[in-house]
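A look at the structure
The residues making up each chain are set out below.
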Amino acid sequence: MAKYIITFITLTFLLLAGAWFYFPKDNPLLGQWFSTDTIYGEPELLNFTEFGLFKDGSHVPADFLVGRTKVTVTTNIASTEYFIVSENMIKQRVPRQTWRFFLRADAFEEMKQALKKSEISRYNQE
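Below: a short report on this structure. (Residues numbered from 1 in each chain as written. Predicted model: local features only at pLDDT ≥ 70, side-chain atom pairs only at ≥ 80, totals over all residues. Heavy atoms only, no water.)

The subject of this paragraph is the nonpolar core. In this structure, Leu29, Trp33, Leu46, Phe48, Leu53, Val60, Ala62, Val71, Val73, Tyr82, Ile90 and Phe102 together form the largest nonpolar core, which totals 12 residues. For this core, the elements supplying multiple residues, two or more each, are β2 (42–49) and β6 (70–74). The contacts of leucine 46, once residues within four sequence positions are left out, are Gly31, Gln32, Trp33, Leu53, Phe54, Lys55, Tyr82 and Phe102. (Core = buried A, V, L, I, M, F, W, Y, C linked by side-chain atoms within 4.5 Å. Buried < 20%, exposed > 50% of the residue type's maximum accessible area, 1.4 Å probe, protein only. Helix = DSSP H or I, 4+ residues; strand = E, 2+ residues; numbered from the N terminus. Contact = heavy atoms within 4.5 Å.)

Turning to the side chain of serine 35, a few remarks are in order. Positionally, serine 35 belongs in strand β1 (residues 31–39). For serine 35, the side chain forms a polar contact with the main-chain oxygen of aspartate 37, separated by 2.7 Å. In terms of polar contacts, serine 35 uses its side chain to reach the backbone amide nitrogen of glutamate 44, at 2.7 Å. (Polar contact = N/O pair within 3.5 Å; in protein donor to acceptor, adjacent residues only side chain to side chain.)

Let's shift gears to the sheet that holds β1. Read across the open sheet, the nine strands follow the order β4-β3-β2-β1-β9-β8-β7-β6-β5; overall the sheet is antiparallel. Each end of this open sheet is capped by a strand with a single partner; those strands are β4 (58–61) and β5 (63–66). Sheet twist, expressed as the mean angle between neighbouring strand axes with direction ignored, is 30°. Pairing geometry for β6 and strand β7 (residues 79–86), over five bridges, is antiparallel. The residue bridging threonine 74 from the neighbouring strand is serine 79, located in β7. (Pairing = 2+ DSSP bridges. Axes fitted to C-alpha atoms, helices over the stretch in contact; angles between N-to-C directions.)

See below:
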């Protein structure tokens, strides 16, 4: 009888530890994101907060369903899926189009600074 109790407790502990490991700790989308492509000459800006997102200059309340590599953002208008590519990059599923990539604001600014350096040239031979 003690053998069954110990086995039950061990299995319960392992299941809880596994569930804790796979449950997300926080929302990885929080913060500002810039699109890598441009619409009308400007990259799109998304600003995710704990209660929703700022898009087109207004706050849109949203619910976040966070998975391991996917975050589903549900608003009163639509549901959008974002996939975590890396710590600083996400991709958005766009219906009837290709993927749309976004960079975290800090990474986007660093990339713009690197591209503006005058020593970058395709004709430089070092």
